[in-house]
Amino acid sequence: MSGQLQIDGPGLLARIQALGRIGALAGGGVCRLALSEEDRRGRDQLVAWMRELELEVSIDRIGNIVGTLAGRRDLAPVMMGSHIDTVATGGLYDGALGVLAGLEVVAALRRAGITPERPVQVAAFTNEEGSRFAPDMMGSLVYQGDLPLEAALDTVGIDGTSVRANLERIGYAGPAPVGVGRPHAYLELHVEQGPVLEHEGLEVGAVTGVQGICWTEFTVSGVSNHAGTTPMRLRHDAGAVFVEIARFVRTLTQRYGAGQLGTVGHCRLHPNLVNVIPAEAIFTVDLRNTDKLALDGAEAELLAFAAEAAAQEGVEITHRSLARFDPVAFAPALVDLVERKAQGLGRSVRRLPSGAGHDAQIMARLCPAAMIFVPSVGGLSHNPAEYTKDADLITGAQILLEALFDLSAA
Ligand code: HGY
Ligand code: MN
Ligand code: MN
């Protein structure tokens, strides 16, 4: 690898801060919910940066943004990607790091006057987070082909509006077709969003894969009644069933062991008043596990318990799947490459699975894919206080550059 290929650390850090000002929350953190006005402004900024680097910018039918640096030969490209949408209480780095480091890799190639053999692409996938419009990784799923475009466009979000209407409103319903791209390889740099690297005093994670994800939304329909006059034995309390199921999720994780995660992150009671027995409870359960069989078992137990709890209370219950991904293993040769590049830089590195979902787990269905993790201070993410040290950000980007250089040369 030519020695002069170096990341411009200050340049990368400046872009991260600049993008972080778009959707900045008072007191720190970022809110760029997918397809919001803030997402549009972030997209506009990204496209402007891509054009400054003289990349060919393509926007596809689901709004994925892909910048391409032409290669010497018209071969399948090597893609670096992630996302720039955030959760409502997000941080500076989740997603943005992977996209902006990809831009910086291209800038480094240009500064060194290097035209890679293969084309090199930087992708920002639409709606990776999935918290406004489920499922998560929506843009990469449509790009890869497993989620039909029309189904994605017809998705209605938590605010009752559709992906289609919002994509058109922000002007990112692009012309490029979906389901046709097939990179030679895919690399994603991301903050770990967990405590492992920091806890073990390590600088880099060579990510081996992503755990399985199961998002379910439950709707419980009971009978609202007066909180003061209705005897407990005569109630059909949707809220009480929600509480029982939420409690069951916690005991399920205790029974399945440390590898089983369970989160009840969203709940809406109706009419949500202190003196009215809830008529309706709509809530979500997020189950995750690296072990497919365990995740399947946990999901089956959850659905059976929910049905039984509803029957006991004499309420109706329905559920719908918001997202369902089996665990994914990344390409061993790429995991080796990431580990080798980290060691080549003299950085401490370990292999580990990802707890969070990422576009890389979808791209792994299309081509060899792998991820590079850098430590999250305090293991925090999906939190305005999300922080990763500058030196670690730059290390991650340098590893991305060196791994990309090797993959684009072959
Ligand atoms: O939910 C996830 O793991 C990802 O942040 N979308
Ligand atoms: Mn992310
Ligand atoms: Mn995230």
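All figures in this text were calculated on a predicted structure; none of them were measured in a lab. (Residues numbered from 1 in each chain as written. Chains lettered and ligands numbered in written order. Predicted model: local features only at pLDDT ≥ 70, side-chain atom pairs only at ≥ 80, totals over all residues. Heavy atoms only, no water.)

**Brief notes about the overall build of the protein chain**
Thought 1: Helix and strand counts for the protein chain come out as 12 helices and 14 strands.
Thought 2: Taking 22 Å as the expected radius of gyration for a compact globule of 410 residues, we find that the protein chain reaches 22 Å, a close match to that expectation.
Thought 3: Counting only C-alpha atoms, the protein chain reaches 80 × 45 × 40 Å along its principal axes.
Thought 4: Relative to its full complement of 410 residues, the protein chain shows a buried share of 56%.
Thought 5: Put simply, of all contacts in the protein chain between residues at least 6 apart along the chain, 79% involve residues at least 24 apart.
Thought 6: When the accessible surface of the protein chain is summed, it comes to about 16,200 Å², and 53% of that surface belongs to carbon and sulfur atoms. (Helix = DSSP H or I, 4+ residues; strand = E, 2+ residues; numbered from the N terminus. Rg over C-alpha atoms; globule rule 2.2 N^0.38 Å. Buried < 20%, exposed > 50% of the residue type's maximum accessible area, 1.4 Å probe, protein only. Contact = heavy atoms within 4.5 Å. Areas by Shrake-Rupley, 256 points an atom, 1.4 Å probe, with all protein chains shown as cover.)

**Here we look at the coordination of the manganese ion (ligand 3)**
Octahedral metal centres with six donors ideally show angles of 90 or 180 degrees, and tetrahedral centres with four donors ideally show 109.5 degrees.
Thought 1: Only Asp94 (OD), Glu129 (OE), Glu129 (OE) and His382 (NE2) from the protein coordinate the manganese ion (ligand 3), and they sit 2.1 to 2.5 Å from it.
Thought 2: The sequence pattern describing where the donors of the manganese ion (ligand 3) fall on their chain is D-x34-E-x252-H.
Thought 3: The metal-metal distance between the manganese ion (ligand 3) and the manganese ion (ligand 2) is 3.6 Å, with aspartate 94 serving as a donor to both. Pair noted here: aspartate 94 is in the loop between β3 (78-82) and α3 (96-111) and glutamate 129 is in the loop between β4 (120-124) and α4 (138-144), with a separation of 35 residues, a long-range link. (Donors = N, O, S within 2.8 Å, 3.2 Å for Na, K, Ca; no water.)

**Things to note about the domain arrangement of the protein chain**
Thought 1: Examined at the domain level, the protein chain breaks down into domain 1 (9-210 + 327-409) and domain 2 (212-325).
Thought 2: If you look at the interface, domain 1 gives 16 residues, while domain 2 gives 11 residues.
Thought 3: With both sides pooled, the region where domain 1 packs onto domain 2 buries about 970 Å², and carbon together with sulfur makes up 66% of that total.
Thought 4: Contact with domain 2 buries surface across domain 1, with Ala134, Asp136 and Pro327 losing the most and accounting together for 44% of the total. (Domains from an automatic or database assignment. Buried area = accessible area lost by both parts, 1.4 Å probe.)

**A few points about the nonpolar core**
The nonpolar side chains of soluble globular proteins are, as a tendency, buried together.
Thought 1: Grouped together as the largest cluster of nonpolar side chains are 104 residues, with contacts concentrated most on Ile65, Leu103, Leu109 and Phe330.
Thought 2: Setting aside its immediate chain neighbours within four residues, leucine 103 contacts Arg15, Leu46, Trp49, Met50, Leu53, Leu55 and Val122.
Thought 3: Formed by 21 residues, the second largest nonpolar core is a distinct cluster that contains Val220, Phe242, Ala306 and Ala310. (Core = buried A, V, L, I, M, F, W, Y, C linked by side-chain atoms within 4.5 Å.)

**Topic: the site of ligand 1**
Thought 1: Neighbouring residues of ligand 1: Glu128, Glu129, Asp136, Trp215, Arg288, Ala356, Gly357 and His382.
Thought 2: Side-chain polar atom of glutamate 129 to an oxygen atom of ligand 1: 3.0 Å apart, as the coordinates give it.
Thought 3: In the environment of ligand 1, a nitrogen atom lies 3.3 Å from a nitrogen or oxygen atom belonging to the side chain of aspartate 136.
Thought 4: Here ligand 1 loses 94% of its free accessible area of 210 Å² to cover by the protein chains.
Thought 5: The residue inventory of the shell around ligand 1, partitioned by class, reads two nonpolar, two polar and four charged. (Near = heavy atom within 4 Å. Polar contact = N/O pair within 3.5 Å; in protein donor to acceptor, adjacent residues only side chain to side chain. Nonpolar A, V, L, I, M, F, W, Y, C, P; charged D, E, K, R; others polar.)

**Some words on the packing of helix α10 (residues 332-344) against helix α12 (residues 390-409)**
Thought 1: Contact geometry for α10 and α12: axes closest at 9 Å, N-to-C directions at 130 degrees. In terms of axis orientation, α10 runs oblique to α12. Handedness of the α10/α12 crossing: right-handed. Between α10 and α12, the residues in contact are Leu334, Leu337, Val338, Lys341 and Ala342 and Ile399, Glu402, Ala403, Asp406 and Leu407, respectively.
Thought 2: Looking at the contact of α10 with α12 residue by residue, the classes come out as seven nonpolar, no polar and three charged. (Axes fitted to C-alpha atoms, helices over the stretch in contact; angles between N-to-C directions. Parallel < 35°, antiparallel > 145°, perpendicular 65-115°, else oblique. Left-handed = near helix turned anticlockwise from the far one by under 90°.)

**Side note on the side chain of glutamate 129**
Thought 1: Buried charged residue glutamate 129 carries no salt bridge. Nearest counter-charge: arginine 288, at 7.6 Å.
Thought 2: A polar atom in the side chain of glutamate 129 sits 3.2 Å from the side chain of histidine 382. (Lys, Arg positive; Asp, Glu negative; His and termini not counted. Salt bridge = Lys/Arg side-chain N within 4 Å of Asp/Glu carboxyl O.)

**Thoughts on the coordination of the manganese ion (ligand 2)**
Thought 1: Bound to the manganese ion (ligand 2) on the protein side are His83 (NE2), Asp94 (OD) and His190 (NE2), at distances that span 2.1 to 2.3 Å.
Thought 2: In the primary sequence, the donor residues of the manganese ion (ligand 2) line up as H-x10-D-x95-H.
Thought 3: Looking at aspartate 94, the relative accessible area reads 6%, which means it is buried.
Thought 4: On the basis of relative accessible area, histidine 190 is assigned to the buried category, the value being 1%.

**Quick word on the pairing of β3**
Thought 1: The element β3 is largely enclosed, with a buried count of five among its five residues.
Thought 2: Relative to β4, β3 runs parallel, the two being bridged by five bridges. Bridging from a neighbouring strand, methionine 79 pairs with glutamine 121 of β4.
Thought 3: Sheet topology places β3 next to strand β5 (residues 185-191); three bridges connect them, and they run parallel. (Pairing = 2+ DSSP bridges.)

**Some words on empty space enclosed by the protein**
Thought 1: A full pass over the atoms with the stated rule returns one cavity of 30 Å³ or more.
Thought 2: Taken as a whole, the largest cavity holds about 40 Å³ of empty space.
Thought 3: A per-class count over the lining of the largest cavity returns four nonpolar, two polar and three charged. (1 Å grid on protein atoms, 1.4 Å probe; cavity = no way out; pocket = protein on both sides within 12 Å on 5 of 7 lines; lining within 4 Å. Points joined across faces, edges and corners; volume = space filled by probe spheres on them.)

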